[in-house]
Amino acid sequence: MSSSTSQSISLTRYLIEEQRAGRINADLRLLIEVVARACKTISIAVGKGALGGVLGDAGTGNIQGEAQKKLDVLSNEILLEANAWGGHLAGLASEEMDNSHPIPDVYPRGNYLLLFDPLDGSSNIDVNISVGTIFSVLRCPDGVSHPADEHFLQPGTSQVCAGYTTYGPSTMLVLTVGNGTHAFTLDREVGSFMLTTRGMTIPEDTKEFAVNMSNQRFWEPPMQHYVSDLLAGKEGSRGKDFNMRWVASMVADVHRILTRGGIFSYPLDSKCAAKGGKLRLMYEANPMSFLVEQAGGAANTGRQRMLEVQPNGLHQRVPVFIGSKNEVETAVRYHLEHDTAHSST
Ligand SMILES: O=P(O)(O)OC[C@H]1O[C@](O)(COP(=O)(O)O)[C@@H](O)[C@@H]1O
Ligand SMILES: [Mg+2]
Ligand SMILES: [Mg+2]
């Protein structure tokens, strides 16, 4: 499993190590620092809860057709403000904004594109359960000075960095720049993210699954079959008992999996089929998939490796199976066997 570090180094020191090793350049290092600083500000706002007047609905909606929470809007503004001045971006895109935003000429600009889910797990904000921020970094295509939505539509394999922050009992940042996945814990006294787990690794097998079971009757047959075999336990074809967890904050569910293994899935169901799924490819599924693959896990739509999906829209939704490698492959096998058996009919 992963190695917790007795002598913890700061995020800045870790990023300088990566830059010295030639794996990242100064611009990406500074961009990550800007995002981390914005997440510290969000962590303070989340931590204030009712005292800070940040709970409840904002009274506005987003392009997803969802009612925005005050913290969705506030977190988005904090990330926008911090990155507009950062000087490392050509453009950014967010769950809470209809279209991407090129960085205006008056600001210092860079060659990266940032995508983010400013506040993940919004349904848990008002009930004091862990929420988070998820982000993904791509390169701006050469010769493009004012990137538009289409310039962000790069497959997950093109990500140069991905991360999330969880605002829970402690605030943690989990990050990859393509050299493993590492966890940093915010030391509130010092105000710095300190490396607490270097090289997170996900066990290949697991006895723990996470899915919103209340959607069961809307699932496709292969998903019904897969989950009923999990629930059948050791008396069933899987020959072992499985436990279930569902926080309803993807960051919290995936963090548990990066820490002790498991499988998280938000499959296609007849309620969200027209939209292609519930969770968003560009700023939820792709960054989480990069982090999980870098920790030895797997991520799939049920029919395709997540990171190879060619995006067709900024807010595109996809089915998600992510976590322990062998368990994700098992879930995929149920789908492929079903599709093969039903391909002629
Ligand atoms: O409400 P459900 O069906 O349990 O869905 C929960 C899922 O929706 C999400 O809250 C969607 O993300 P946002 O909160 O960023 O919109 C995920 O974090 C979570 O995994
Ligand atoms: Mg989300
Ligand atoms: Mg969100």
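Calculation rules
Residues numbered from 1 in each chain as written. Chains lettered and ligands numbered in written order. Predicted model: local features only at pLDDT ≥ 70, side-chain atom pairs only at ≥ 80, totals over all residues. Heavy atoms only, no water. Donors = N, O, S within 2.8 Å, 3.2 Å for Na, K, Ca; no water. Buried < 20%, exposed > 50% of the residue type's maximum accessible area, 1.4 Å probe, protein only. UniProt positions renumbered as here; feature names shortened; annotations may be inferred. Helix = DSSP H or I, 4+ residues; strand = E, 2+ residues; numbered from the N terminus. Pairing = 2+ DSSP bridges. Phe/Tyr/Trp six-rings, centres within 6.5 Å; stacked < 30°, edge-to-face > 60°.

Comments concerning the coordination of the magnesium ion (ligand 3)
Here is step 1 of the chain: The coordination sphere of the magnesium ion (ligand 3), as far as protein atoms go, consists of E95 (OE), D117 (OD) and L119 (O), spread over 2.0 to 2.2 Å.
Here is step 2 of the chain: All donors of the magnesium ion (ligand 3) belong to a single chain; written as a sequence motif, their spacing is E-x21-D-x1-L.
Here is step 3 of the chain: The two metals, the magnesium ion (ligand 3) and the magnesium ion (ligand 2), are separated by 3.7 Å and share D117 as a common coordinating residue. Each member of the pair, D117 as well as L119, is classed as buried.

Quick word on the UniProt feature "domain: Fructose-1-6-bisphosphatase class 1 C-terminal" (unreviewed entry) in the protein
Here is step 1 of the chain: Within this numbering scheme, the UniProt entry marks residues 202–334 as carrying the feature "domain: Fructose-1-6-bisphosphatase class 1 C-terminal" (unreviewed entry).
Here is step 2 of the chain: Its end C-alpha atoms 22 Å apart, residues 202–334 is made of 35% helix and 15% strand.

A look at the pairing of strand β18 (residues 320–323)
Here is step 1 of the chain: Residues of β18 alternate between two faces, with V320 and I322 on one and F321 and G323 on the opposite face, all of them buried.
Here is step 2 of the chain: Direction of pairing for strand β16 (residues 298–300) relative to β18: antiparallel, over a ladder of 3 bridges. Looking at the pairing, A298 lines up with G323 of β18.

Looking at the packing of aromatic side chains
Here is step 1 of the chain: Going through the model one piece at a time under the given rule, you end up with 4 aromatic pairs.
Here is step 2 of the chain: Summarising the aromatic geometry, the rings of Y226 and Y334 are spaced 5.4 Å apart at their centres and angled 70 degrees between planes, so their arrangement reads as edge-to-face. Taken together, the residues span a long stretch of sequence, with Y226 in helix α5 (residues 221–232) and Y334 in helix α8 (residues 325–342) at a distance of 108 residues.
Here is step 3 of the chain: On the basis of relative accessible area, Y226 is assigned to the buried category, the value being 2%.
Here is step 4 of the chain: The interplanar angle of 55 degrees and the centroid separation of 5.9 Å between the aromatic rings of W246 and Y266 together place this pair among those described as tilted. Residue W246 is located in the loop between β13 (243–244) and α6 (250–260), and its partner Y266 is located in strand β14 (residues 263–266); the two are separated by 20 residues in the primary sequence.
Here is step 5 of the chain: Given a relative accessible area of 11%, Y266 falls into the buried group.
Here is step 6 of the chain: Here the aromatic residues W246, F264 and Y266 are joined through ring pairs into a cluster of three or more.

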